[in-house]
Amino acid sequence: MNEWEWQLLEARNPVEDLRISGMKVRPGSRVRLRPRAGGDVMDIALAGKTAIIESIEQDYDAKFHLCVVVDDDPGRDIGLMRQPGHRFFFTADEVEPLPQSDEDKTSLTRMPRVLIAGIGNIFLGDDAFGVEVARRLSGREFPENVRVTDFGIRGYDLAYALLDGYDTTILIDACPRGEPAGTLYVIEPDVCDLGSPEERQTAVEAHSMHPLNVLRLATSMGGPLKRVLLVGCEPGTLGPEEGQMGLSEPVEAVVDEAVRLVESLIAKILNGDESTAKNVNNIHLRGDGHGIL
């Protein structure tokens, strides 16, 4: 794909819904796959199966493609995490929209999409806080609309994930603010005020992670950032120049508390508690690292 084609793609607005056979479909809608005749062996294998729309994409010819995850695919969770091998693309005339049951409608209405992003470098002491919290959260069971990922120092991967239109993104990272080591914070940055257009073009280094720069990059790429929360922890040490593996004692002591804090935020978001988001900056956590909600 040449530079002109990339510019066309970047100029396109995200596609939130599409009308097929008189029915409006969007990510989360269910369809039956009807591949056109003459397809490959995969089309034959998927014909007639039901699937959920993971996203609606538009190519540089302005053609729409539905990215779907098949219902009976044993690896559908991998597909919902946008990993290759379990996501399939079909044109609008190759799917049959399925009517929503009352349960489906309730689920789509009440269950916003949430991205939980662990951030940090495991070789820099307490900078690994977000990575460790994400690791422990990944062992918990969440609804399908909640994605937990350890992004580590992969800033570009996080920026592209932010383009997926999540209703809420919770970043988990070490956050020095001058308080005692192990202090936890919940902060809601203003995603509508990420600096000047020049600042929004700030490059993301391939082997580091600066959350503000990642948010700026996602915004410059047309990302529909809706709500971003930061669960931060005051670091005790980022290690010597040669690096350091492992968290300091004060930070290690609050990792489980941070996990419970994130779980509490997820529960309130999924329950539609708008006051949590509006008053999140008022959430104060004591210097000993124990949270008060």
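The rules we used
- Residues numbered from 1 in each chain as written.
- Predicted model: local features only at pLDDT ≥ 70, side-chain atom pairs only at ≥ 80, totals over all residues.
- Heavy atoms only, no water.
- Salt bridge = Lys/Arg side-chain N within 4 Å of Asp/Glu carboxyl O.
- Buried < 20%, exposed > 50% of the residue type's maximum accessible area, 1.4 Å probe, protein only.
- Helix = DSSP H or I, 4+ residues; strand = E, 2+ residues; numbered from the N terminus.
- Pairing = 2+ DSSP bridges.
- Phe/Tyr/Trp six-rings, centres within 6.5 Å; stacked < 30°, edge-to-face > 60°.
- Lys NZ or Arg CZ within 6 Å of the ring centre and 35° of its normal.
- Patch = residues over 30% accessible without salt bridge, like charges linked within 9 Å, V, L, I, M, F, W, Y side chains within 5 Å.
- Areas by Shrake-Rupley, 256 points an atom, 1.4 Å probe, with all protein chains shown as cover.

Enquirer: Hey, could you run me through the pattern of salt bridges in this one?
Expert: Any two side chains of opposite charge can pair, on the condition that their charged atoms come close. Tallied over the entire structure, the rule returns 13 salt bridges. A salt bridge links Asp 157 to Arg 154, with the shortest nitrogen-to-oxygen separation between them at 2.5 Å. By relative accessible area, Asp 157 is classed as partly exposed at 38%. Taking relative accessible area as the criterion, Arg 154 reaches 36% and is therefore assigned partly exposed. One salt bridge connects Arg 260 with Glu 257, and the closest N-O pair in it is separated by 2.8 Å. Placement of the pair is Arg 260 and Glu 257 together in helix H10 (residues 255-270), with a separation of 3 residues, close to one helical turn. For Glu 257, a relative accessible area of 17% corresponds to the buried category. Each of Glu 132, Arg 135, Arg 136, Glu 252 and Asp 256 takes part in a single network of salt bridges with overlapping partners.

Enquirer: How do you make sense of the pairing of strand E4 (residues 50-58) when you look at a structure like this?
Expert: The side chains of a regular strand alternate between the sheet's two faces. Within E4, 7 of the 9 residues are buried, which leaves it mostly tucked inside the rest of the structure. Both strand E3 (residues 30-33) and E4 contribute to a ladder of 3 bridges, which runs antiparallel. What sits directly across from Val 31, in E4, is Ala 51. In the sheet, E4 pairs with strand E5 (residues 64-70) via 7 bridges, with the strands oriented antiparallel. Across the sheet, Ile 56 pairs through a bridge with Leu 66, a residue of E5.

Enquirer: Sorry, what's going on with the packing of aromatic side chains here?
Expert: Tallied over the entire structure, the rule returns 0 aromatic pairs. The positively charged end of Arg 113 is found above the aromatic ring belonging to Tyr 166, 4.4 Å away from the centroid. Over the ring of Tyr 185 we find Arg 177; its NZ or CZ atom is 4.9 Å from the centre of that ring.

Enquirer: Whenever I open this one, a nonpolar patch on the surface confuses me. Can you help?
Expert: A cluster of nonpolar side chains, Ile 122, Phe 123, Leu 124, Leu 238 and Met 245, forms an exposed patch at the surface whose accessible area comes to about 480 Å². Among the secondary structure elements, Ile 122 is positioned in the loop between strand E8 (114-119) and helix H5 (129-137). The exposure class assigned to Ile 122 is partly exposed, which follows from its relative accessible area of 37%.

Take it as geometry only, folks, not as evidence of what the structure does.
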